[in-house]
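# What the coordinates show
Here is how the chains run, residue by residue.
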Amino acid sequence: MSKPVVLVAEELSPAGIAELEADFEVRHVDGSDRAALLPAVADVDALIVRSATKVTAEVFQHAAKLRVVARAGVGLDNVDVEAATKAGVMVVNAPTSNIVTAAEHAIALLLATARNVPQAHGALKQGEWKRSKYTGVELQGKTVGVLGLGRIGVLVAQRLAAFDMNVIAYDPYVQAARAAQLGVRLVGLEELLRESDFITVHLPKTSETIGLIGDRELRMVKPTVRIINAARGGIVDEAALDLALKEGRVAGAGLDVYSTEPCTDSPLFHHDNVVVTPHLGASTHEAQEKAGTQVARSVRLALAGEFVPDAVNVQGGAVAEDVKPGLPLAEKLGRIFTALAGGVPVRLEIVVRGEIAQHDVKVLELAALKGVFADVTEESVTFVNAPLLARDRGVEVTLSTTEESADWRNVVQVRGTMADGTVVSVSGTLTGPKHHERIVEINGYDMELSPTDHMAFFSYTDRPGIVGVVGRLLGDQGVNIASMQVGRDAKGGTALIALTVDSAIPAQLVDVIRDEIGAEMGRRVDLDG
């Protein structure tokens, strides 16, 4: 059986390549060469890029088998995520690969700006000994304003606190209590501008943040302030900064990013008190290796049909540790639901009860949807395209949660309404420290059954002798019963037999059993396919 094919379109760390080669056929192409890229993606399962390869809708049109695009880095400006989602292709990046590197570079710029390191370096190499000209300022006791308390902003704040600096921050999406835990005082933007001796930018580039620090804002700052931007170009208005430097309203700046890149000429480059670098924030050997290995692992998960925490076009985001063990169970419940229902419902509800409901459990909905459609369509079902499959089939999907659970610590239920009004449901839980899977409800009948590769369910009118008939018919065909449970709504009412068996039950045998016992419903479930 041939291995899945991974196409590497740009340079990737040797560690990342080695990790890929262990499981996949790895091919290489120059992603910046469009004429070479488009035919190369025709039969590949995964595409790995950095920043030079433009992954547009045209690429997806040429890539019939493509299941995942991985960006070995953080930014995704070169990947059309919307087109990828429409094509059912997962997009992943390496969001934590460069956070330490980026934070350290911001601090390097801050220190270099405070102490005029590159200017003094250049002068001394030219034979000039100018100690007084390059007198700097200390960090101790100064106030640093951190714009954005995301992962990089937090690392910067923590490291600058070690310099005995007073750290304040502006981030409208962070609670004051969270900032306080970090030893940071949360303030408004104008207060940060007025109080800061240093301002360091760590915000994403969005319509809200472009030009956030413009002429108006730069007229609020201390004339001794030094501004650092190693986040994204355009957040600090370059023309406004140039004017503020000329007029002496800003004492210096350290810049790694620019509105247009590559940038080799800017009015800002002509100021002696400006330190510049060519977007080196992620440029360390360690960060590049982390990016390569992280995307390699994400590609492996994606091609295995597993949830990928770093996928950017999958709802749910990072998965809480308490939720992760429930993903395989939710997917199995989805597959069992479809087998019991015999088709796709018009309405599907994923119900999560118990302690895990305090977490974001959107991923459990995705896992259940993946299971619901796994045996419905010939195409590979992933966490990305499962919601699209539901939408295309007119299935109304809802997720409901409650922290109350009467009988079990946590329960996940997949419940759907069919076109004829019939309601089908299956619930499951995890028990014990090893998270043993249990089916605890089928169509309203309580039970406790370990899901296995081969199962069968029959509902019928309760009467004596049915269990024996089912056992005999299976035994005659050499199918061994591993476990059997019977639930009923009342004596002589409707009963349900749930079976786990050691081998697949032939479809014809299911029909024979159903006819023999007069079952209203008889279904087999095979989870090994």
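Scroll up a little and you will see the structure.
Quick summary incoming for the structure in this document. Every value quoted in this text rests on a predicted model; they were computed, and no experiment measured them. (Residues numbered from 1 in each chain as written. Predicted model: local features only at pLDDT ≥ 70, side-chain atom pairs only at ≥ 80, totals over all residues. Heavy atoms only, no water.)

## Overview of the pattern of salt bridges
Note the threshold: Each reported salt bridge corresponds to a side-chain nitrogen of Lys or Arg within 4 Å of a carboxyl oxygen of Asp or Glu. Under the DSSP-based scheme used, a helix requires at least four consecutive residues in state H or I and a strand at least two consecutive residues in state E, with every element numbered from the N terminus. The rule is simple: take the accessible area with a 1.4 Å probe, protein chains only, and divide by the maximum for that residue type; under 20% is buried, over 50% is exposed, in between is partly exposed.
Under the criterion given, the structure shown has 29 salt bridges. Glu19 is the salt-bridge partner of Arg297, the closest N and O atoms lying 3.2 Å from each other. Of this pair, Arg297 sits in helix H12 (residues 285-303) while Glu19 sits in helix H1 (residues 14-21), and the two are 278 residues apart along the sequence. Residue Arg297 is classed as partly exposed on the basis of its relative accessible area of 46%. On the accessibility criterion, Glu19 (18% relative accessible area) is buried. A salt bridge links Asp462 to Arg488; the shortest N-O distance between them is 2.8 Å. Taken together, the residues span a long stretch of sequence, with Asp462 in the loop between strand S19 (454-461) and helix H16 (466-476) and Arg488 in strand S20 (residues 481-488) at a distance of 26 residues.

## Details of H12
In plain terms, the rule: An expected span of 1.5 Å times one less than the residue number is assigned to each helix. Whether two residues touch is decided by their heavy atoms; if any such pair falls within 4.5 Å, the residues are in contact.
Between the first and last C-alpha of H12 there are 27 Å, a value that for 19 residues agrees with the 27 Å anticipated at 1.5 Å per step. Among the residues making up H12, those that are buried are Ala287, Ala291, Gly292, Thr293, Gln294, Val295, Ala296, Ser298, Val299, Ala302 and Leu303. For H12, the elements touching its buried residues are strand S1 (5-8), H1, strand S3 (46-49), strand S4 (68-71), strand S5 (90-92) and helix H5 (99-115). Looking at the residues trailing H12, positive phi occurs at Gly305, about 80 degrees.

## Side note on the nonpolar core
Operational definition: What we call a nonpolar core is a set of buried Ala, Val, Leu, Ile, Met, Phe, Trp, Tyr and Cys residues that are connected through their side-chain atoms within 4.5 Å.
Membership of the largest hydrophobic core comes to 48 residues, with the highest contact counts inside it found for Ile336, Phe337, Leu364, Val414, Ile442 and Phe457. Ranked by residues supplied to this core, first place goes to helix H13 (residues 326-341) with nine residues. The contacts of Ile336, once residues within four sequence positions are left out, are Val426, Ile439, Ile442, Met455, Phe457 and Val525. Leu189, Val225, Ile227 and Ala240 belong to the second-largest nonpolar core, a separate cluster that totals 28 residues.

## Observations concerning the sheet that holds strand S9 (residues 198-201)
Operational definition: A pair of strands is labelled paired if DSSP reports no fewer than 2 bridges between them. Fitted lines through C-alpha atoms give the axes, limited to the stretch in contact for helices. The angle between two N-to-C directions lies from 0 to 180 degrees.
A sheet is described by the order of its strands in space; here seven strands give the open sequence S8-S7-S6-S9-S10-S11-S12, paired in parallel fashion. With partners counted over all chains shown, the strands left at the sheet margins are strand S8 (185-186) and strand S12 (274-276), one partner each. Alignment of strand S11 (residues 252-255) against S12, held across three bridges, turns out to be parallel. Its bridge partner lying in S12, Leu255 is registered against Val276. Running over the sheet, H5 touches strand S6 (143-147), S9, strand S10 (226-229), S11 and S12 and is turned about 155 degrees from S10.

## Notes on the environment of Thr461
Mapping Thr461 onto the fold places it in strand S19. On the basis of relative accessible area, Thr461 is assigned to the partly exposed category, the value being 42%. Setting aside residues up to four positions removed in sequence, Thr461 forms contacts with Gly492 and Gly493.

## A word on the packing of H16 against helix H17 (residues 507-517)
For the record, the criterion: Put simply, angles under 35 degrees are roughly parallel, angles over 145 are roughly antiparallel, angles from 65 to 115 are roughly perpendicular, and the rest are oblique. Each crossing gets its handedness from the near helix: less than a right angle anticlockwise from the far helix is left-handed, clockwise is right-handed. Note on residue categories: nonpolar means Ala, Val, Leu, Ile, Met, Phe, Trp, Tyr, Cys or Pro, charged means Asp, Glu, Lys or Arg, and polar means any other residue, Gly included.
In contact at an axis separation of 10 Å, H16 and H17 are set at 155 degrees when each is read in the N-to-C sense. Here H17 runs roughly antiparallel to H16, going by the angle between their axes. For the crossing formed where H16 meets H17, the hand is right-handed. Side by side, H16 and H17 meet where Ile466, Val469, Val470, Arg472, Leu473 and Leu474 of the first sit next to Leu509, Val512, Ile513, Glu516 and Ile517 of the second. Of the residues contributing to the contact of H16 with H17, the split by class is nine nonpolar, no polar and two charged.

## Some thoughts on unusual backbone geometry
In this structure, Pro262 follows Glu261 across a cis peptide bond, with omega equal to -5 degrees. Counting through the fold element by element, Pro262 comes out in the loop between S11 and S12. The phi dihedral of His435 is positive, around 55 degrees, even though this residue is not glycine. With respect to the helices and strands, the residue His435 is situated in the loop between strand S16 (423-431) and strand S17 (436-442). Judged by relative accessible area, which is 40%, His435 ranks as partly exposed.

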